[in-house]
Amino acid sequence: FREDLYWRLKVLPMELPPLRARREDIPELANQFLNRFSKSYGRPLQRLTPQALQMLGQYAWPGNIRELENLMERLRFGPMTRRRVRDHMVRMQGG
């Protein structure tokens, strides 16, 4: 790691609240990730059901945006239902 890089980046401080503090961004971010993964894996684009999006909005997101990105990559194959989202979220929490 280049120590001078830290100081170069520190010139413009930015505060970005955690994902749990900006839940209104979750649907757009989730769909953006799904779009990217659909393209990179050559799969048809799928959207989350309204119920699945509601579940995402209620989750605490301790892993922040990277956790959302990882979940969307795992969900890229198969239906985007509330049940699949719930099952994957339980696995992410170690359950």
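In the block above lies the structure referred to throughout.
These lines cover the structure that appears in this document, whether it is placed above or below.

Here is what the cut-offs are and how they apply
Residues numbered from 1 in each chain as written. Predicted model: local features only at pLDDT ≥ 70, side-chain atom pairs only at ≥ 80, totals over all residues. Heavy atoms only, no water. Helix = DSSP H or I, 4+ residues; strand = E, 2+ residues; numbered from the N terminus. Rg over C-alpha atoms; globule rule 2.2 N^0.38 Å. Buried < 20%, exposed > 50% of the residue type's maximum accessible area, 1.4 Å probe, protein only. Contact = heavy atoms within 4.5 Å. Areas by Shrake-Rupley, 256 points an atom, 1.4 Å probe, with all protein chains shown as cover. Lys, Arg positive; Asp, Glu negative; His and termini not counted. Charge placed at Lys NZ, Arg CZ, Asp CG, Glu CD. Salt bridge = Lys/Arg side-chain N within 4 Å of Asp/Glu carboxyl O. Polar contact = N/O pair within 3.5 Å; in protein donor to acceptor, adjacent residues only side chain to side chain. Phe/Tyr/Trp six-rings, centres within 6.5 Å; stacked < 30°, edge-to-face > 60°.

What to know about the overall build of the protein
Reasoning step 1: Counting its regular elements, the protein contains five helices and zero strands.
Reasoning step 2: Ordered by position in the sequence, the α and β elements of the protein form the string α-α-α-α-α.
Reasoning step 3: In summary, the protein has a C-alpha radius of gyration of 16 Å against a globular reference of 12 Å for 95 residues, an excess of more than 25%.
Reasoning step 4: By principal-axis analysis of the C-alpha atoms, the protein measures approximately 45 × 30 × 25 Å.
Reasoning step 5: A burial count over the protein gives 27% of its 95 residues as buried.
Reasoning step 6: If you take every contact in the protein between residues at least 6 apart in sequence, the share linking residues at least 24 apart comes to 66%.
Reasoning step 7: Within the structure as shown, the protein displays about 6,800 Å² of accessible surface, and the carbon and sulfur contribution to it stands at 54%.
Reasoning step 8: For the protein, the distance from the average site of its 18 positive side-chain charges to the average site of its 10 negative ones is 8 Å.

With respect to the side chain of E67
Reasoning step 1: By the element assignment, E67 lies in helix 4 (residues 64-74).
Reasoning step 2: In this structure E67 is buried but unpaired, with R74 as the nearest side chain of opposite charge at 7.1 Å.
Reasoning step 3: Among the polar contacts listed, one links the side chain of E67 to the backbone nitrogen of G63, at a separation of 2.7 Å.

Thoughts on the environment of G78
Reasoning step 1: Among the structural elements, G78 can be located in the loop between helix 4 and helix 5 (82-92).
Reasoning step 2: You can call G78 partly exposed: its relative accessible area is 25%.
Reasoning step 3: G78 sits 68 residues away from K10 along the chain, and the two C-alpha atoms are 42 Å apart.
Reasoning step 4: Every residue in contact with G78, bar those within four places of it in the chain, is listed here: Q46 and R84.

Points about the packing of aromatic side chains
The relative placement of two aromatic rings is captured by the distance of their centres and the angle of their planes.
Reasoning step 1: Under the definition given, this model contains three aromatic pairs.
Reasoning step 2: Measuring from centroid to centroid gives 6.5 Å for F37 and Y41, while their planes differ by 45 degrees, and the two rings are tilted. Remark: Y41 and F37 occur in helix 2 (residues 26-41); sequence separation between them is four residues, near one turn of the helix.
Reasoning step 3: Judged by its relative accessible area of 6%, F37 falls in the buried class.

Looking at the environment of L19
Reasoning step 1: Here L19 lies in the loop between helix 1 (3-9) and helix 2.
Reasoning step 2: Linking L19 and L5, residues 14 residues apart in sequence, is a C-alpha distance of 26 Å.
Reasoning step 3: Residues within four places of L19 in sequence aside, it is in contact with I26, L29, W61, N64, I65 and L68.

Everything listed is a geometric property; what it means functionally is a separate question.
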